Amino acid sequence: MSLLPIPLPGAELLFDADFLPEAAAAALLASLNAETAWEQRSIRLFGQEFPQPRLTAWYGDAEARYTYSNLAWEPRPWTPALQALRQRVEAATNARFNSVLLNLYRDGRDSMGWHADDEPELGPTPVIASLSLGALRRFRLRPRAGLVHPPVSLDLPTGSLLLMRGPTQQHWQHALPKTTRPLGPRLNLTFRWVAGSGAGK
Ligand SMILES: O=C(O)CCC(=O)C(=O)O
Ligand SMILES: [Fe+2]
């Protein structure tokens, strides 16, 4: 029921396994899944287009323009449900967010590759609040160059909230690997603060 630190060198991670009760998380998963303007975007890598192995959507204040995986995002306006969630997450984390990226992992074949959320728009010490709804998936962290530490796994159950802040993105990458376990959908929301236009790449 509260955010507790996960000790990890070079990172500032806080975790609440029970941020939302299970029934509330299930209801939210169903309504957000239905209401969200999902897209399957492609990323361009080595001159080739690859569809992302998940569905995504970006909501936020109009100035929260963002470049992510070489894709430019115009935020859609906040829906009442996302606005209410943002307020809840802000109160719990003592941080402010002007946008949210929604990722829908339809089953175990959907995934997110290794990356750090270190785009310049997020500033030098990004604060990212990650809310998980639906199927439990394993979140992985591995150190970036300069830090020696074994990779770390963290199971993210439905209703859990993970806060990444401080130097986390500088020193660590994270990923959501595929799994062969049969499982249902998982919806993840990452609340972010994106600097206004002009800061984009
Ligand atoms: O789905 C997750 O837990 C991770 C999402 C993520 O890393 C991102 O959106 O940048
Ligand atoms: Fe990320």
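Scroll up to find the structure this text is about.
Computed from a prediction, not measured in an experiment: that's the story for all the values here.

A. Highlighting unusual backbone geometry. In this structure, F46 is a non-glycine residue whose phi angle is positive, near 50°. Tracing the backbone through its elements, the reader meets F46 in the loop between β3 (42-45) and β4 (48-51). Assessed through the 5 C-beta atoms surrounding it within 10 Å, F46 is described here as exposed. Here N94, not a glycine, exhibits a phi torsion of approximately 60°, which is positive. Take N94: it is sitting in the loop between α2 (80-93) and β8 (99-105). Looking at N94, the number of C-beta atoms within 10 Å reads 9, which means it is exposed.

B. Inspection of the site of ligand 1 at higher detail. Around ligand 1, a shell composed of L101, N103, M112, D117, S130, F139, L156, H174, L176, N188 and T190 is seen. When contributions to the shell around ligand 1 are tallied by element, the ones reaching two or more residues are β8, β14 (172-176) and β15 (186-192). For the shell around ligand 1, a count of residues per class yields five nonpolar, five polar and one charged.

C. Spatial organisation of the pairing of strand β10 (residues 128-134). Here β10 lies mainly inside the structure; seven of its seven residues are buried. Note: β10 against β15, six bridges, orientation antiparallel. Opposite S130, over in β15, you have T190 as the bridge partner.

D. Summary view of the nonpolar core. Ranked by internal contacts, the top residues of the largest apolar core, which has 44 residues, are V89, V100, L102, A129, L131 and L161. Discounting chain neighbours no more than four positions away, the residues touching L161 are L3, D16, F19, V89, A92, A129 and L131.

E. Structural detail: helix α1 (residues 22-35). Between its terminal C-alpha atoms α1 stretches 20 Å, which fits the 20 Å expected from 14 residues at 1.5 Å a residue. All of the buried residues along α1 are A25, L28, L29 and L32. Buried residues of α1, seen end-on, are gathered within an arc of 105° and therefore sit on one face of the element. Of the exposed residues in α1, the ones pointing more than 90 degrees away from its buried face are A23, S31 and A34. Elements that come into contact with the buried residues of α1 comprise α2, β10 and β15.

F. The arrangement of the sheet that holds strand β2 (residues 12-16) in detail. The seven strands are arranged β1-β2-β13-β10-β15-β8-β5 in an open sheet whose pairing can be described as antiparallel. For this open sheet the edge positions go to β1 (4-6) and β5 (55-60), each flanked by a neighbour on one side alone. Sheet twist, expressed as the mean angle between neighbouring strand axes with direction ignored, is 20°. Relative to β15, β8 is paired through seven bridges, and the arrangement is antiparallel. Its bridge partner being in β15, S99 is matched across the sheet by R192. On top of the sheet, α1 reaches β8, β10 and β15; it is set at about 95° to β10, its chief contact.

G. Quick peek at the sheet that holds strand β12 (residues 152-156). Spatially, β9-β14-β11-β12 is the arrangement adopted by the four strands of the open sheet, whose pairing is antiparallel. At either end of the open sheet lies a strand with only one pairing partner, and these are β9 (112-115) and β12. This sheet shows a mean twist of 20° between the axes of neighbouring strands, independent of strand direction. Bridge analysis of strand β11 (residues 137-143) against β12 gives five bridges, and the strand direction is antiparallel. The partner of R137 across the bridge, within β12, is L156.

Scoring rules and cut-offs
Residues numbered from 1 in each chain as written. Chains lettered and ligands numbered in written order. Predicted model: local features only at pLDDT ≥ 70, side-chain atom pairs only at ≥ 80, totals over all residues. Helix = DSSP H or I, 4+ residues; strand = E, 2+ residues; numbered from the N terminus. Buried ≥ 20, exposed ≤ 12 C-beta atoms within 10 Å, placed from the backbone. Near = placed C-beta within 6 Å. Nonpolar A, V, L, I, M, F, W, Y, C, P; charged D, E, K, R; others polar. Pairing = 2+ DSSP bridges. Core = buried A, V, L, I, M, F, W, Y, C linked by C-beta atoms within 7 Å. Contact = placed C-beta atoms within 7 Å. Expected span 1.5 Å × (residues − 1). Arc of directions from axis to C-beta. Axes fitted to C-alpha atoms, helices over the stretch in contact; angles between N-to-C directions.

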